[in-house]
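This is what each chain is made of:
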Amino acid sequence: MPPATPLRKAPVQRRSAERLTRILDACADLLDEVGYEELSTRAVAVRAGVPIGSVYRFFGNKRQMVDALAQRNLERYTERVTERLKDAPQGDWRAAMDAVLDEYLAMKRTAPGFSLVDFGNQIPVGDRHAEPNHRVADRLTDLLSGYIGRAPDEVLRRTFLVAVETADTLVHLSFRMAPEGDEAIITETRELLRAYLARTLD
């Protein structure tokens, strides 16, 4: 899989890293407020309280900025799942699956900009060119293989890819049905994932 769009210049000093955080936070907030089409690098700079040159120091355009936000979302999601698994029984793939789904739902409901961008597959709407679900599936395979005691081989990667693609489609359906996600559809999604994963993981 190709990596997420890299920064034009990676922050080295703490001040620069904090400025990048403010830029991405502003980008996320504005995505919720005005959407991708109306998003501009100038508006992000104003909201972040930084010179426009600071935005272009990191990003060549708004697409790169949104890609970086999607990558940050994936990093934060991975951290949340990892933290959740600390309290789950080792080797319990059902608990791991619940953590994966629950943390995704939590970010859908609370993380600014996430409902539009998540891990990068919605900008422009319907664009699947970057195939971020492959990136998510690979990350989950690497994260969970040791936890569930399975080798991160092609079978496991394909299994997680199918699970991620399925969950992605059904969770989006649930949020089209209700602002916080339709609980009946989420319950069906959980049951479907358990039945599918049991074929490989039990």
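Reading guide: rules and limits
Residues numbered from 1 in each chain as written. Predicted model: local features only at pLDDT ≥ 70, side-chain atom pairs only at ≥ 80, totals over all residues. Heavy atoms only, no water. Helix = DSSP H or I, 4+ residues; strand = E, 2+ residues; numbered from the N terminus. Buried < 20%, exposed > 50% of the residue type's maximum accessible area, 1.4 Å probe, protein only. Areas by Shrake-Rupley, 256 points an atom, 1.4 Å probe, with all protein chains shown as cover. Axes fitted to C-alpha atoms, helices over the stretch in contact; angles between N-to-C directions. Left-handed = near helix turned anticlockwise from the far one by under 90°. Contact = heavy atoms within 4.5 Å. Nonpolar A, V, L, I, M, F, W, Y, C, P; charged D, E, K, R; others polar. Salt bridge = Lys/Arg side-chain N within 4 Å of Asp/Glu carboxyl O. Phe/Tyr/Trp six-rings, centres within 6.5 Å; stacked < 30°, edge-to-face > 60°. Polar contact = N/O pair within 3.5 Å; in protein donor to acceptor, adjacent residues only side chain to side chain. Expected span 1.5 Å × (residues − 1). Core = buried A, V, L, I, M, F, W, Y, C linked by side-chain atoms within 4.5 Å.

Visitor: Please clarify how the overall build of the protein should be interpreted in this entry.
Guide: The helix and strand inventory of the protein stands at 9 helices and 0 strands. What you see in the protein, going N to C, is helices and strands ordered as α-α-α-α-α-α-α-α-α. Of all 202 residues assigned to the protein, the portion counted as buried reaches 47%. Surface accessibility of the protein: about 10300 Å² in total, with carbon and sulfur atoms responsible for 53%.

Visitor: Hey, could you run me through the environment of L20 in this one?
Guide: The residue L20 is located in helix α1 (residues 14-38) in this model. Between the C-alpha atoms of L20 and V50, which are 30 residues apart in sequence, the distance is 9.7 Å.

Visitor: Would you mind going over unusual backbone geometry with me for this structure?
Guide: Trans is the common state for peptide bonds, and a negative phi is the common state for residues other than glycine. For D118, which is not a glycine, the phi torsion comes out positive at approximately 35 degrees. Summarising the element assignment, D118 is placed in the loop between α6 (114-117) and α7 (132-148).

Visitor: What am I meant to see in the packing of α1 against helix α2 (residues 41-48) here?
Guide: A pair of packed helices is characterised by two quantities: the angle between their axes and the separation of those axes. α2 packs onto α1 with a crossing angle of 115 degrees between their chain directions and a minimal axis gap of 8 Å. With respect to the hand of their crossing, α1 and α2 are arranged in right-handed fashion. Each of R22, I23, A26, C27, D29, L30 and E33 in α1 lies in contact with α2, whose residues at this interface are A43, V44, R47 and A48. Residue composition of the contact of α1 with α2, grouped by class: 7 nonpolar, no polar and 4 charged.

Visitor: For this particular structure, what's the right way to read the pattern of salt bridges?
Guide: It is possible for side chains of opposite charge to pair when their charged atoms get near one another. Applying the stated criterion across every chain, the model contains 16 salt bridges. Where R72 meets D25, a salt bridge forms, and the shortest distance between an N and an O atom there is 2.8 Å. Of this pair, R72 sits in helix α4 (residues 62-85) while D25 sits in helix α1, placing them 47 residues apart in sequence. Of the charged contacts, one joins R80 and E103 as a salt bridge, the two residues approaching to 2.8 Å between their closest N and O atoms. Highlighted residues: R80 in helix α4 and E103 in helix α5 (residues 93-110), separated in sequence by 23 residues. Looking at R80, the relative accessible area reads 31%, which means it is partly exposed. According to the relative accessible area criterion, E103 is buried, its value standing at 12%. Among the ionic contacts, a cluster of salt bridges with common partners joins R80, R84, D98, D102, E103, R190 and R194.

Visitor: Please explain the packing of aromatic side chains as it appears in this structure.
Guide: What characterises a pair of aromatic rings is the spacing of the ring centres plus the angle enclosed by the ring planes. Taken as a whole, this structure holds 6 aromatic pairs when the rule is applied. Arranged with centres 6.4 Å apart and planes meeting at 80 degrees, the rings of Y77 and Y104 form a pair that is edge-to-face. One end of the pair, Y77, is in helix α4; the other, Y104, is in helix α5, with 27 residues separating them in the sequence. In this pair, the class of Y77 matches that of Y104, namely buried. Here F114 and F119 contribute two aromatic rings whose centre-to-centre distance is 5.4 Å and whose plane-to-plane angle is 85 degrees, an arrangement assigned as edge-to-face.

Visitor: Just checking my understanding: could you explain the side chain of T78 for this structure?
Guide: Among the structural elements, T78 can be located in helix α4. Residue T78 is classed as buried on the basis of its relative accessible area, which comes to 14%. There is a polar contact of 2.8 Å between the side chain of T78 and the backbone oxygen of L74. In this structure T78 touches R139 and L143, once residues within four positions along its chain are discounted.

Visitor: For this particular structure, what's the right way to read α4?
Guide: Each turn of an α-helix holds 3.6 residues, which means side chains three or four residues apart point in the same direction. With 24 residues, α4 should reach 34 Å at 1.5 Å per residue; the first-to-last C-alpha distance of 35 Å fits that figure. At the N-terminal boundary of α4, the capping side chain belongs to N61, with an oxygen 3.1 Å from the backbone nitrogen of R63.

Visitor: Would you take a moment to explain the nonpolar core for this structure?
Guide: Burial of nonpolar side chains together is a common tendency in soluble globular proteins. Ranked by internal contacts, the top residues of the largest apolar core, which has 35 residues, are Y77, L85, F119, L140, L144, Y147 and I148. For this core, the elements supplying multiple residues, two or more each, are α4, α5, α7, α8 (154-177) and α9 (183-201). Examining the composition of this core, we find that 10 residues originate from one element, α5, more than from any other. For L144, the residues in contact, after removing those within four places along its chain, are L85, A96, V100 and F160. Counting 23 residues, the second-largest nonpolar core is a separate cluster that includes L20, A48, V66 and A70.

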